[in-house]
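Structure assessment
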Amino acid sequence: MKYQESNLVPHKSALMNHAANILNEEVCLPAAVIKKAALENNIQWMQRYADTRGVSLAPHGKTTMTPWIFQQQQQAGAWAVGVGSAWQASIAMVSGVKRVLMVNQLVGKANMQLVAKLKSEYQDVDYLCCVDSIANAKTLSAFFSAQHQQLDILIELGVPGGRCGCRTAEQALVLAEAISGLPGLRLRGLELYEGVLHGENPQPKVEALLRDAAALACQLERYVEGEFILTGAGSVWYDVVCNVWLEAQKPANCRVVIRPGCYITHDGGIYQEAQDELMARDKVACDLGGDLVSALELVAMVQSVPESDRAIVNFGKRDSAFDAGLPQPVAHYRQGKALGLTAEAIETTGIMDQHAMLKLRPDADVQVGDILVFSTSHPCLTFDKWKALLLVDEEYNVLETLETAF
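Report on the accompanying structure. (Residues numbered from 1 in each chain as written. Predicted model: local features only at pLDDT ≥ 70, side-chain atom pairs only at ≥ 80, totals over all residues. Heavy atoms only, no water.)

This part takes up helix 9 (residues 270-281). Over its 12 residues, helix 9 extends 17 Å from the first C-alpha to the last, a length consistent with the 16 Å expected when each residue adds 1.5 Å. Of the residues making up helix 9, those classed as buried are Tyr271, Ala274, Gln275, Leu278 and Met279. For helix 9, the angular spread of the buried residues around the axis is 135°, confining them to a single face. Residues of helix 9 that are exposed and angled more than 90 degrees away from the buried face: Glu273 and Ala280. Those residues of helix 9 that are buried are in contact with helix 1 (36-53), helix 8 (238-247) and helix 10 (283-288). (Helix = DSSP H or I, 4+ residues; strand = E, 2+ residues; numbered from the N terminus. Expected span 1.5 Å × (residues − 1). Buried < 20%, exposed > 50% of the residue type's maximum accessible area, 1.4 Å probe, protein only. Arc of directions from axis to C-beta. Contact = heavy atoms within 4.5 Å.)

On inspection of all chains with the given rule, the structure shows 18 salt bridges. Here Asp126 and Arg188 are joined by a salt bridge, their closest N and O atoms 3.2 Å apart. In this pair, Asp126 sits in strand 5 (residues 126-131) while Arg188 sits in strand 7 (residues 185-192), placing the two residues 62 residues apart along the sequence. Classification of Asp126 as buried rests on a relative accessible area of 17%. Ionic pairing is found between Arg255 and Glu227, a salt bridge with its closest N-O pair at 2.9 Å. Within this pair, whereas Arg255 is found in strand 9 (residues 254-258), its partner Glu227 is found in the loop between helix 7 (203-220) and strand 8 (228-232), the two being separated by 28 residues in sequence. Here the salt bridges share partners, and the residues they tie into one network are Arg99, Asp126, Asp152, Arg186 and Arg188. (Salt bridge = Lys/Arg side-chain N within 4 Å of Asp/Glu carboxyl O.)

Below you can see the structure in the form of structure tokens.
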């Protein structure tokens, strides 16, 4: 099984000459770009954080679905790459990832067949998925035992009103007992995602869930041979997950695994706010030196200035996330030269499929043909708009084209 892109249709972000410079209009715009120095900073910073806390890092690959980035994370020391589907697992394995943590239920005959094929072709890859019901466990057991394969699984713990996962410790223990009698399955540990807890002050609820999970892990220990995997933590509460689980009583041979994903390019919106809050409460993160920085940008051109206080830029919902705040301009160029961009002089106020609307202050000098660089919020939903992103240096010289596999 090989991952490949069709050569028949060019990527919309890759219509360029070799060694092109974006600011000199040598690349078709809009384009999604990743600044290499910022990306490397983020990879190293999060790996240092995990190493300093004594936990393993399994970055959630669904954020980028970019094989080149998976490889960089693994080379930097990531213990695994997290995914959300059998298809994503296949991309990770083809990319050379040696441990794939599918933090989701494996359901459906075709998906099971794909995983069985992957397990046969990539026998040196450690693949794990989640279960939260006896019905699913029995189906998986019947399928994989018939293939003479062993499927490694984690019990998922959920919360009322949340997504997947056993709602109580009692349900999880009954499930573990059932799994112990099913052929073709091997229980490896416990998984949760605390990011489903929201509200005005969710931290106490997050901490309570984590304490309950640690206690449940101790009860599940007898069903797990060897290392017990205890995993949680998205991009918001990874410090709290470390704090609670590292202090809690756990199985004797327990590996704590955190799974942030959006740190890889960070952002200028919701994850910047979350990281600011984390840095304010976590001395370990502060003492590391440095911080996460925004690495993903959208570069676009002004295509119309139909009114004195209004400009239209040639990107839209087809190009960028807009669910957690609109992309906002952070730099302004004309004929390759940087122009000053004062705070709130230019503001994105609306977005359509292919157009973004900007509000201009009277002193804003914006002309048709100008290039504007935008920061974004929630990187997952910008990555998935693009077949390829451009890796650039600080002068916006294109270093490499990074293909995605959504």
